[in-house]
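Structure at a glance
The residues making up each chain are set out below.
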Amino acid sequence: MSDPIIQFDHFSFQYHAQAEPTLHDITLSIRKGEKVLICGPSGCGKSTLAHCINGLIPHSYRGESTGRVSVGGRETKDTSLFEISRTVGTVLQDTDGQFVGMTVAEDIAFALENDCVVDPALHERVEKAARAVGVETHLSHAPGDLSGGQKQRVSLAGILVDDVEVLLFDEPLANLDPATGKAAIELIDEIGQQTGAAVVIIEHRLEDVLHRHMDRVILMGGGRILADVTPDELLAGSLLKENGIREPLYVTALKYAGVPITAQAHPDSIEHMLLSESDKAAVRDWFCRTPPAPQSPERETQLAVKDLRFAYDNGREALHGISLSVRKGELGAIVGTNGAGKSTFCKLICGFEKQQSGTIALSGCDWASLSIKERADHVGYVMQNPNQMISQTLIFDEVALGLRTRGAAEDEVKARVEKTLKICGLWPFRSWPVSALSFGQKKRVTIAAILVLEPEIILLDEPTAGQDYRHYTEIMEFLLDLNRRGVTVLMVTHDMHLMLEYARRAFVFSDGRLIADAPCAEILTDDEIIRRASLKETSLYTLAKRCGIEDARAFVARFIDYEREAAHR
Amino acid sequence: MRPIFNYIDRPSPIHRLTGATKLCCLLLWSFAAMTSYDTRLLAFLAAAGVAVFVLSRLRISDIRFLLGFVTVFMVLNNVLVFAFSPEHGVGLYGTRHVLFSLGGRWVVTKEQLFYHLNLVLKYLAMLPVVMIFICTTQPSEFAASLNRIGVKYTVAYSVALALRYIPDIQQEYHEISQAQQARGIEMSKKESLLRRLKAASAILIPLILSSMDRIDVISNAMELRGFGKNKRRSWYMARPFRPADFAAMGLCALLLAAAIFLNIHNGTRFWNPFI
């Protein structure tokens, strides 16, 4: 065994601005060539741990620390940030934000430029790194022209230009669609093998990372390391559920069927997991035993869209005739790759853009002549990032804003805001400043600010982006609750779990067309749609196949129904 | 929405000059145009500017927006000069040839008109070269050129980064403004100024806050990749000077020299045809 490249020795850290230490007594070592996943709920300290590895702590973020951290055999506090960055290459979560160059080539070259590398070595090394991640044909492109997956590849190339010994990824899957995320995990795995560097991935989406083999999983909670074990051992234990990390769906399904999960069976991969005949029989038995959920009655059509077409100023058509209808009280997901037309569709509904042809009608009334403001009385739009919507200092004022601009009387404003705050669980915080809230709570505030206008439909862009499982569940249960009160909910999402678990129906967009409009279980078991929409087949489907269940689609549907009921029992 | 730095990729001899050359030429040319009020030189600069504009294969349609903006500014400038100082030309040139009167103290003189002609020529002498610089310099080469003429690279890079993020921030402004309009915030002219200012804050505050987040991320990303480590850095986009670059800079230096010579020779910055 080689010497550890990263070594934590009884390390604790407390930010200057915080009352409590963020990391407690961390002891950890990672060797060259190892692949390690660090997971845990939001606020567990995993990002802080990453900052300690790449040197941002102690060099950029100040705080009190005890114990030692060394990278490449040298203690980080005695090594400059620049020195550390020669050993540790970091790909940050927000690939947009870390794009510092005007073009792909310049972005890759950035570290070399700062090192005063000159031509011809400069151009050669950039090209080599670009080839390693497959972006060599995009060198002169601007960041805006790239997809999320390509941006991430460029970021990776930007750290590969130096021969780093540690590749550190901070939530690499956060902004990627399912298929791109899968490809990203494969690429990370390949690059790790080629370079022999240690790969450290910080991510809470366990199942997606385990798509490729990981040597170890470090589970964090409350600033401590709770487990430092192989993925198999972790999945066999009960720590995941206790700490708000979602276990892979197939593991949950096996547990429902009463199959014991042991580390010896290698549960880290559904393809390679050892399933005995009796295990398979148990799954089949569970499938037959579980009754299908009763069909909900068909409601009347609320939103009817007919042959919607839209082209940008430059003539490029973004939507080629979309027709769909949303029923009253439905909870639907709009899915598809970046650039498939999902956001354009939402913008047309809200009136932010004007369609070239086609109609949008709500409860039978044509919307052609309605302004943005008038439409907003019926359809509320919640942006992905709550920081993009919040403009008031106090929560009460933020929620009241829409009513006040509509000229409502102050006592009516008070009554309606209070009612909404109660529904949204924000009543205890009503007089708090918005800045004191967590990201998830801010999201609630923005939803409340829309809800107070009593729209019939709420349209949400990525409602759970960047949320860990606990906050995710909180937000989604809240939306589900609103839905039960009769509000139609439509959400644009990349998250397959979200779609499977909460949406009854999915509208799949691909290249400006609607390619499917069906129950989610049906879509996530259809190879053709999965491929075209850059989705990912659910592991439940693979499990069903492996257990010899013919009707895999029904199995997935049965699982979802069962889970929903289990959640609300 | 148009980006401010509007690079137009239409290869020409001017495009092939390095960014540093173009920046250098722009500075020399501007100094020449600024130091002198010699009508002959200004007329020459204006004509030469138009010739270079043609050489750079730019079209009027490429620069319509900036052209309109500068024209409005130029007219305003002239009107204000005449309104507040109708005898400025007389003071400068020492003679007074009255043409006609507009009433009150506003008397139109040949000298004043000639002064205005010089003012317009100054704009015309500057406008083409500024446009050429903006439209033929890649934003990425801009930082490298600033650095090359002696600006610290950390400063040069922040300018380049600002340019890089302008389109993103414009886009974000657009999105936030739409979402806020949906909540009933009216930005149109129908509203009173006070209400519009309030509405603007509903867009600007989220924009500023999210830009702060952005700055935090980007500065971490840059530091992690060694920005600021050394006193110098190399530039991927930097190109070596070629003979054409030296020739261009030489010519512009001659122009500045001519301007200085004329100032000394005339004994004043103004060329006076009235004596």
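The coordinates are above.
Residues numbered from 1 in each chain as written. Chains lettered and ligands numbered in written order. Predicted model: local features only at pLDDT ≥ 70, side-chain atom pairs only at ≥ 80, totals over all residues. Heavy atoms only, no water.

**Quick word on the pairing of strand E16 (residues 379-382) of chain A**
All names here are of chain A. On E16, burial covers both faces: Val379 and Tyr381 on one face and Gly380 and Val382 on the other are all buried. Summarising the sheet, E16 and strand E17 (residues 457-461) pair through four bridges and their orientation is parallel. Residue pairing across strands places Val382 opposite Leu460, the latter belonging to E17. (Buried < 20%, exposed > 50% of the residue type's maximum accessible area, 1.4 Å probe, protein only. Helix = DSSP H or I, 4+ residues; strand = E, 2+ residues; numbered from the N terminus. Pairing = 2+ DSSP bridges.)

**Things to note about the packing of helix H3 (residues 39-55) of chain B against helix H6 (residues 110-136) of chain B**
All names here are of chain B. Packing of H3 against H6 leaves a shortest axis separation of 8 Å and a crossing angle of 30°. Relative to H6, H3 is oriented roughly parallel. Considering how the two elements wind past one another, H3 and H6 form a crossing that is left-handed. Together, Thr39, Leu42, Ala43, Leu45, Ala46, Gly49, Val50, Val52 and Phe53 of H3 and Phe114, Leu117, Asn118, Leu121, Lys122, Leu124, Ala125, Pro128, Met131 and Ile132 of H6 make up the contact between the two elements. (Axes fitted to C-alpha atoms, helices over the stretch in contact; angles between N-to-C directions. Parallel < 35°, antiparallel > 145°, perpendicular 65-115°, else oblique. Left-handed = near helix turned anticlockwise from the far one by under 90°. Contact = heavy atoms within 4.5 Å.)

**Quick word on the interface of chain B and chain A**
Of the residues lining the interface, 47 residues belong to chain B; the matching set on chain A comes to 57 residues. For the pair chain B and chain A, the summed buried area comes to about 4,700 Å², and 56% of that belongs to carbon and sulfur atoms. Per-residue buried area on chain B facing chain A is highest for Arg183, Arg225 and Tyr236 of chain B; these three make up 23% of the total on that side. Linking chain B with chain A are four salt bridges. One salt bridge connects Lys229 of chain B with Asp115 of chain A, and the closest N-O pair in it is separated by 2.9 Å. At the boundary of chain B and chain A, one finds 21 residue pairs in polar contact (both at pLDDT 80 or more). Ranked by the residues each element gives to the side of chain B that touches chain A, the list is headed by helix H8 (residues 153-182) of chain B, at 15 residues. (Buried area = accessible area lost by both parts, 1.4 Å probe. Salt bridge = Lys/Arg side-chain N within 4 Å of Asp/Glu carboxyl O. Polar contact = N/O pair within 3.5 Å; in protein donor to acceptor, adjacent residues only side chain to side chain.)

**Overview of the nonpolar core**
Nonpolar side chains in soluble globular proteins tend to end up buried together. Within the largest apolar cluster, 117 residues are counted, with the highest numbers of intra-cluster contacts made by Phe345, Ile349, Val417, Phe509, Ile523, Leu543 and Phe555 of chain A. For this core, the leading source of residues is helix H18 (residues 469-484) of chain A, giving seven residues. (Core = buried A, V, L, I, M, F, W, Y, C linked by side-chain atoms within 4.5 Å.)

**Describing the packing of aromatic side chains**
Scanning the entire structure with this criterion turns up 28 aromatic pairs over all chains. Taken together, a centroid distance of 5.6 Å and an interplanar angle of 15° make the contact between Phe110 of chain A and Phe227 of chain B stacked. A residue pair is termed interchain when its members come from two chains, as with Phe110 of chain A in helix H4 (residues 104-114) and Phe227 of chain B in the loop between helix H9 (193-224) and helix H10 (243-266). With respect to burial, Phe110 of chain A and Phe227 of chain B carry one shared label: buried. Aromatic side chains Phe352 of chain A and Tyr381 of chain A sit 5.7 Å apart centroid to centroid with 75° between the ring planes, which places their arrangement in the edge-to-face category. With a gap of 29 residues between them, Phe352 of chain A in the loop between helix H13 (342-350) and strand E14 (357-362) and Tyr381 of chain A in strand E16 connect regions that are remote in the sequence. Residue Phe352 of chain A is classed as buried on the basis of its relative accessible area of 10%. Among the aromatic side chains, those forming a connected cluster through ring pairs are Tyr37, Tyr93, Phe114, Tyr115, Phe270, Trp271 and Phe274 of chain B. (Phe/Tyr/Trp six-rings, centres within 6.5 Å; stacked < 30°, edge-to-face > 60°.)

**Remarks on empty space enclosed by the protein**
Unoccupied space between atoms shows up once a probe the size of one water molecule is rolled over them. Residue and element names in this part refer to chain A. On inspection of all chains with the given rule, the structure shows eight cavities of 30 Å³ or more. By volume, the largest cavity is sized at about 120 Å³. A total of three residues in the lining of the largest cavity trace back to one element, the largest contributor, which is strand E6 (residues 88-91). (1 Å grid on protein atoms, 1.4 Å probe; cavity = no way out; pocket = protein on both sides within 12 Å on 5 of 7 lines; lining within 4 Å. Points joined across faces, edges and corners; volume = space filled by probe spheres on them.)

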